[in-house]
Each structure stands twice: as structure tokens, then as C-alpha cells.
Amino acid sequence: MTRISLRPAQTKDCERLLDLEDSIFGKHCNHIYFLKPLLEYGQSYILEGKHGEWMGYALIFHESHANSVHLLSFAVLPPFQGKGLGGQFYKALLDALRRDGVASLSLSVAPQNQRALALYRNPGLYSSLDEELRMDYYGPGENRILFRFTL
Ligand SMILES: CC(C)(COP(=O)(O)OP(=O)(O)OC[C@H]1O[C@@H](n2cnc3c(N)ncnc32)[C@H](O)[C@@H]1OP(=O)(O)O)[C@@H](O)C(=O)NCCC(=O)NCCS
């Protein structure tokens, strides 16, 4: 198991996160006008390795209902993908959110993203899980599965 830690993301991380969003998510990446305030007022995390090197990140904002958050972006950096780190990161993230008093989490994922689906559907991680397929959620052909988890 890789030694990892989570630290809160800060506005000084914005530029690097923008580059990563662009290289990992391409046309679906988050724009600076959204990312900057998200870092200022949201509850996002950077995943670091034992020497403080970046290994992933999670961008999160609070929903209007109390104690609920939305996971806007979740990624393991490309050199570290496919080695089990995503599962480790996701579990650590849920533990951190629980410690912060978060009771429920929503997110959307592309139906073809098998790795992400395997992570999110892991039954050991939640009290309950609802999912719904929304056709054309992000525009024509951009279907997404919407998840809501009770932590
Ligand atoms: C999605 C992502 C976070 C997963 O992290 P990862 O470190 O690459 O994934 P892991 O190696 O931990 O594997 C995750 C799960 O997918 C499974 N898996 C791996 N390849 C798979 C495949 N081709 N088909 C189905 N399942 C697969 C693994 O077995 C594992 O399941 P398990 O935890 O039950 O064993 C990472 O690949 C990523 O950042 N991708 C680009 C950004 C992205 O798509 N983010 C999610 C947006 S919702």
C-alpha cells in the first residue's frame, strides 16, 4: 500500500490544478472562474505521497442541504493510475469527509468509466447508495450516472 496523505487544497494550488484538469479531463475540465472560488470557499483536497509529491486531487463543494457535498472532480495523476491508488484515495477521502461532519455525497460519472464505477460501487464504503442514469446530462451524447451516497 502506498503511503499517502490528504491536505486541504488552497488557492495557491489553482494554477497546477487547472493544468491537471485540462490534461486529465480535456473539454470537460473546470474553468478558472469556477475553480478559484471553489478553492477559496469549498472543501477540496490534494493527495500527496510521502515526499509531498502530488498524486491526485478531489474538488468538492457544499450543496444547499446541510452536511451534503458534491464531488465535482476526482483524479489520480496519470503516472499513478491503474495501480490501486484510486481505491486507497477514495476511501481516505470519505474518511476525511466523515471527520468533517459530511453525511452525504453526490457525484456524476460517465457510464463507460469502468475504473471510476468500480470505485464508487464498492459496497463496503457507504451506508446507502442511489444511482440514476441521466441521458444527455452534459449535452447530446454526454450521458452520466448520478450517484448519491449516505456516508
Ligand atoms: C478513475 C480513477 C480515479 C481510478 O483510480 P486508479 O488508481 O486508476 O484506479 P484503481 O487502480 O484504484 O482501480 C479502481 C477500480 O477499478 C478496477 N478496474 C481497473 N481497471 C478496470 C477496467 N478496465 N474495467 C473495470 N474495472 C477496472 C480495479 O479493479 C479497481 O476496483 P477494486 O477497487 O474493486 O479492485 C483514475 O483512473 C483517474 O483519475 N482517471 C481519470 C479521471 C477520472 O476518470 N476520474 C473520475 C471521474 S468521475
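**Student:** Whenever I open this one, the overall build of the protein confuses me. Can you help?
**Tutor:** Tallying secondary structure elements over the protein gives four helices and seven strands in all. The order of α-helices and β-strands along the protein, N terminus first, is β-α-α-β-β-β-α-β-α-β-β. In summary, the protein has a C-alpha radius of gyration of 15 Å against a globular reference of 15 Å for 151 residues, a match within 12%. Each of the three principal axes of the protein carries a C-alpha extent, and together these read 40 × 35 × 35 Å. For the protein, with 151 residues in total, the buried portion stands at 20%.

**Student:** Is there a simple way to explain the site of the ligand in this structure?
**Tutor:** Lining the immediate surroundings of the ligand are 19 residues, of which Ala75, Gln81, Gly86, Gln114 and Ala118 lie closest. Examining the composition of the shell around the ligand, we find that five residues originate from one element, helix H4 (residues 114-120), more than from any other. Classifying every residue of the shell around the ligand by side-chain character gives nine nonpolar, eight polar and two charged.

**Student:** How should the pairing of strand E6 (residues 128-134) be read in this particular structure?
**Tutor:** Residues in a regular strand point their side chains to alternate faces of the sheet. Counted residue by residue, E6 has zero buried out of seven residues, so it is predominantly exposed. In terms of strand pairing, E6 meets strand E7 (residues 144-150) through seven bridges, oriented antiparallel. Note on E7: the bridge partner recorded for Glu131 is Phe147.

**Student:** Help me out: how do you make sense of the packing of helix H1 (residues 14-25) against helix H2 (residues 32-41) in this one?
**Tutor:** Following both chains from N to C, one finds H1 and H2 inclined at 130°, their axes separated by 10 Å at the closest point. Relative to H2, the element H1 lies oblique. Between H1 and H2 lies a crossing whose hand is right-handed. Mapping the contact onto sequence places Cys14, Leu17 and Leu18 in H1 and Ile32, Leu35, Lys36 and Leu39 in H2. In the contact of H1 with H2, the residues fall into six nonpolar, no polar and one charged.

**Student:** Is there a simple way to explain the environment of Gly84 in this structure?
**Tutor:** Topologically, Gly84 is positioned in the loop between strand E4 (68-76) and helix H3 (85-99). With 40 residues separating them along the chain, Gly84 and Ser44 place their C-alpha atoms 21 Å apart.

**Student:** Hey, could you run me through H1 in this one?
**Tutor:** Note that an α-helix has 3.6 residues per turn; residues three or four places apart therefore point the same way. The end-to-end C-alpha separation of H1 is 16 Å, in line with the 16 Å expected for 12 residues at 1.5 Å each. A positive backbone phi angle near 55° is found at Gly26, which sits one or two residues after H1.

**Student:** Hey, could you run me through the sheet that holds E6 in this one?
**Tutor:** By definition, the strands of a sheet pair up through backbone hydrogen bonds, in either a parallel or an antiparallel sense. What the seven strands build is an open sheet, ordered E1-E2-E3-E4-E5-E7-E6; its pairing is mixed. Every other strand in the sheet has two partners, leaving strand E1 (5-8) and E6 as the edge strands with one partner each. Pairwise comparison of adjacent strand axes, ignoring direction, gives a mean angle of 25° for this sheet. Looking at chain direction, strand E3 (residues 54-62) and E4 are connected through seven bridges and run antiparallel. Across the sheet, Ala58 pairs through a bridge with Phe74, a residue of E4.

The rules behind each value
Residues numbered from 1 in each chain as written. Predicted model: local features only at pLDDT ≥ 70, side-chain atom pairs only at ≥ 80, totals over all residues. Helix = DSSP H or I, 4+ residues; strand = E, 2+ residues; numbered from the N terminus. Rg over C-alpha atoms; globule rule 2.2 N^0.38 Å. Buried ≥ 20, exposed ≤ 12 C-beta atoms within 10 Å, placed from the backbone. Near = placed C-beta within 6 Å. Nonpolar A, V, L, I, M, F, W, Y, C, P; charged D, E, K, R; others polar. Pairing = 2+ DSSP bridges. Axes fitted to C-alpha atoms, helices over the stretch in contact; angles between N-to-C directions. Parallel < 35°, antiparallel > 145°, perpendicular 65-115°, else oblique. Left-handed = near helix turned anticlockwise from the far one by under 90°. Contact = placed C-beta atoms within 7 Å. Expected span 1.5 Å × (residues − 1).

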